[in-house]
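Spelled out from the first residue to the last, the chains are:
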Amino acid sequence: MDSIYHTLRKSNPASARILVRKVLEKNNGNVSKTARILGISRATVRRARDGELNDLSRRPKNIRKKIDCSLEKLIVEEAKSTGYRYRLLSYYLKNKYSIEISENTIKKVLKRNRVRKKKIRTLNKNRRHLYDYEHLTPFSHLQIDTKHILYETSLPKSVYRHIEKYDLPKYEWNAIDVKTRMRFTAYSHTLSASFGFAFILFVVLWLKLHNVRGKINIRLDNGSEFASSSRRKLDEYNEFFSKLNVELKPIPPGAKHLQAIVENSHRKDDESFFSIHPERCRNDAEFLLKAQQWQDTWNTARPHYGIDMNGLTPFEKLKSTKAMISENIVRFPTLLLEDIIRVAGYPYEWLSKFVNLYIFSRGGKYVWTTYQINNFPIAFFL
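In this text the structure is predicted, and so the values were computed from the model without any measurement. (Residues numbered from 1 in each chain as written. Predicted model: local features only at pLDDT ≥ 70, side-chain atom pairs only at ≥ 80, totals over all residues. Heavy atoms only, no water.)

Chemist: So what's going on with the overall build of the chain? Which residues, and what values?
Modeler: In terms of regular secondary structure, the chain is built from 16 helices and six strands. Within the chain, the fraction of its 382 residues that count as buried is 45%. If you take every contact in the chain between residues at least 6 apart in sequence, the share linking residues at least 24 apart comes to 66%. In the structure as shown, the chain presents an accessible area of about 22,400 Å², 49% of it carried by carbon and sulfur atoms. (Helix = DSSP H or I, 4+ residues; strand = E, 2+ residues; numbered from the N terminus. Buried < 20%, exposed > 50% of the residue type's maximum accessible area, 1.4 Å probe, protein only. Contact = heavy atoms within 4.5 Å. Areas by Shrake-Rupley, 256 points an atom, 1.4 Å probe, with all protein chains shown as cover.)

Chemist: Describe the pattern of salt bridges, with residues and values.
Modeler: The full count for this structure, using the stated rule, is 20 salt bridges. We note a salt bridge from K256 to E263, for which the minimum N-O separation is 3.0 Å. Residue classification places E263 among the partly exposed positions, given a relative accessible area of 24%. Via salt bridges that share partners, R9, R17 and D55 belong to a single interconnected network. (Salt bridge = Lys/Arg side-chain N within 4 Å of Asp/Glu carboxyl O.)

Chemist: Give me the lowdown on helix α2 (residues 13-26), citing residues and values where you can.
Modeler: A rise of 1.5 Å per residue sets the reference length of α2, with its 14 residues, at 20 Å; its end C-alpha atoms lie 21 Å apart and thus fit the reference within 8%. Within α2, burial applies to A14, A16, R17, V20, V23 and L24. Its buried side turned inward, α2 meets α1 (4-11), α3 (31-38) and α4 (42-50). Put simply, N12 is the residue that caps the front of α2, since its side-chain oxygen is 3.2 Å from the backbone nitrogen of A14. N28 sits one or two positions beyond α2 and adopts a positive phi of about 55°. (Expected span 1.5 Å × (residues − 1). Polar contact = N/O pair within 3.5 Å; in protein donor to acceptor, adjacent residues only side chain to side chain.)

Chemist: Give a detailed account of the environment of G83, specifying residues and quantitative values.
Modeler: Inspection of the secondary structure assignment puts G83 in the loop between α5 (69-82) and α6 (86-97). By relative accessible area, which is 30% here, G83 ends up partly exposed. Between the C-alpha atoms of G83 and K118, which are 35 residues apart in sequence, the distance is 7.2 Å. With residues near it in sequence (within four places) discarded, G83 still touches E78 and K118.

Chemist: Let's hear about the sheet that holds strand β6 (residues 335-336): which residues, and what values?
Modeler: Taking strand neighbours across the sheet as the criterion, the six strands line up as β5-β4-β1-β2-β3-β6 in an open arrangement whose pairing is mixed. The sheet terminates laterally at β5 (246-250) and β6, the two strands that pair on one side only. Looking at chain direction, strand β4 (residues 216-220) and β5 are connected through five bridges and run parallel. Bridge pairing in β5 places I216 opposite V246. Sheet contacts for helix α11 (residues 260-274): β1 (141-148), β2 (171-177) and β3 (183-188); angle to β1, the most-contacted strand, approximately 45°. (Pairing = 2+ DSSP bridges. Axes fitted to C-alpha atoms, helices over the stretch in contact; angles between N-to-C directions.)

Chemist: Can you explain the side chain of S188? Please cite residues and give values.
Modeler: Inspection of the secondary structure assignment puts S188 in strand β3. Taking the relative accessible area as the measure of exposure, S188 reaches 0% and is therefore buried. Side-chain polar atoms of S188 contact the backbone oxygen of T190, separated by 2.7 Å. Excluding anything up to four places from it in sequence, S188 contacts P169, K170, Y171, W173, F195, L336, L337 and E338.

Chemist: Which residues make up the packing of α2 against α4, and what are the values?
Modeler: Taken N-terminus to C-terminus, the directions of α2 and α4 make an angle of 100°; their axes are 9 Å apart at the nearest point. One finds that α2 runs roughly perpendicular with respect to α4. Taking contact as the criterion, the partners of R17, V20, R21 and L24 in α2 are, on α4, V45, A48 and R49. Of the residues in the contact of α2 with α4, the class split is four nonpolar, no polar and three charged. (Parallel < 35°, antiparallel > 145°, perpendicular 65-115°, else oblique. Nonpolar A, V, L, I, M, F, W, Y, C, P; charged D, E, K, R; others polar.)

Chemist: Give me the nonpolar core: which residues, what numbers.
Modeler: With 44 residues, the main nonpolar core has F139, F184, I218, F241 and I329 as its most contacted residues. At twelve residues, the largest contribution of residues to this core is made by helix α9 (residues 193-209). I218 has contacts with L142, I144, I200, V204, V246, E247, L248 and K249, leaving out every residue within four places of it along the chain. (Core = buried A, V, L, I, M, F, W, Y, C linked by side-chain atoms within 4.5 Å.)

Chemist: So what's going on with the side chain of D221? Residues and values would help.
Modeler: Considering the arrangement of structural elements, one finds D221 in the loop between β4 and α10 (231-241). D221 gets classed as buried once you look at its relative accessible area, which sits at 8%. Within the structure, the side chain of D221 is placed 3.0 Å from the backbone nitrogen of G223, a separation counted as a polar contact.

Chemist: Hey, could you go over the packing of aromatic side chains for me, with residue numbers and the actual values?
Modeler: Tallying each qualifying case throughout the model produces 18 aromatic pairs. Here the aromatic rings of Y131 and Y133 are separated by 5.9 Å at their centres, their planes lie at 75°, and the arrangement is edge-to-face. The two residues Y131 and Y133 agree in class, both being buried. Seen in terms of ring centroids, W173 and F226 are 5.7 Å apart; in terms of plane orientation they differ by 90°. Their pairing is edge-to-face. Note that W173 is positioned in strand β2 and F226 in the loop between β4 and α10, a separation of 53 residues in sequence. F226 carries the same exposure label as W173, and that label is buried. Members of the aromatic cluster, joined through ring pairs, are Y187, F273, F274, F287, W294 and W298. The ring of Y86 has K107 lying over it, and the distance from NZ or CZ to the ring centre is 4.5 Å. (Phe/Tyr/Trp six-rings, centres within 6.5 Å; stacked < 30°, edge-to-face > 60°. Lys NZ or Arg CZ within 6 Å of the ring centre and 35° of its normal.)

Below, the structure written as structure tokens:
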């Protein structure tokens, strides 16, 4: 049970020390007797007698590792402008300014300056993820989308004019695996349903080639390039892809949040690739070389901090899952879809020319028992 001194000190330290001084005065300055009466130590009595009434500040006089004011200001400004938190902000500052600051330091700076985290508000105040990330298997769920590269608001004017002048590709086709965040990219000058079908088939054949055996669920938007605007055509696509154990699932109109993973990658494309590298290219070949380097950087060198990624690259995440998938899957070639159509013909013609039709004639979920490196159907146009 607390003494009267301790009870009073919790609400008003100054009043507690005044009490000690009054009891001490009545006992003719006898420290020991005062300590017994109040149930405190003699050292506490002496501090109340000789020290200040109010508590002294516990702030250290000298902080050896205090961060510089200008650097702290930079952290706060970048946090507010980007919306990044400490982990992603540490990586961002290292890449943009070559400044290495630990995550804990950034966390303390944001807390000290009261930079609040942007919260996603829901009706029941609970946040529900799109997938059960912990139990996903690699390449079981993909998100596919197209990006119109020529946006004046997202590109510098000089880059915009350069792309138009040299007639560089205007559209980017992205497929991103939800589990590993590994991406597969192609480009084109125009949009068409033939290109959409060709891109999906190209990605699916690449996955099957590298020993992806389970069902592949592909989430699409409602763009006409993916036939989502036509229910009949979508049913035809699904009937065809069911032979490869693939299902296409369009999102409901206005539900862009269901494509969050692939949509969020577009911002990073603008910042790290389209705003810089197209201006150094004068033809499609040079552009595709730069695009291949960007895709390889994304898949093997750039750490990701999304849900369940923990700062790993997509390639490292794939290896951490211990899946029996060839590591060569990361070497997906970035191609121009016009080139594929010109060399190999339209997608349905691939099946008769390059794809082993034995996989379509077998019932059930037939897969090759070994990794078929010599049966690569796409090798013709690489």
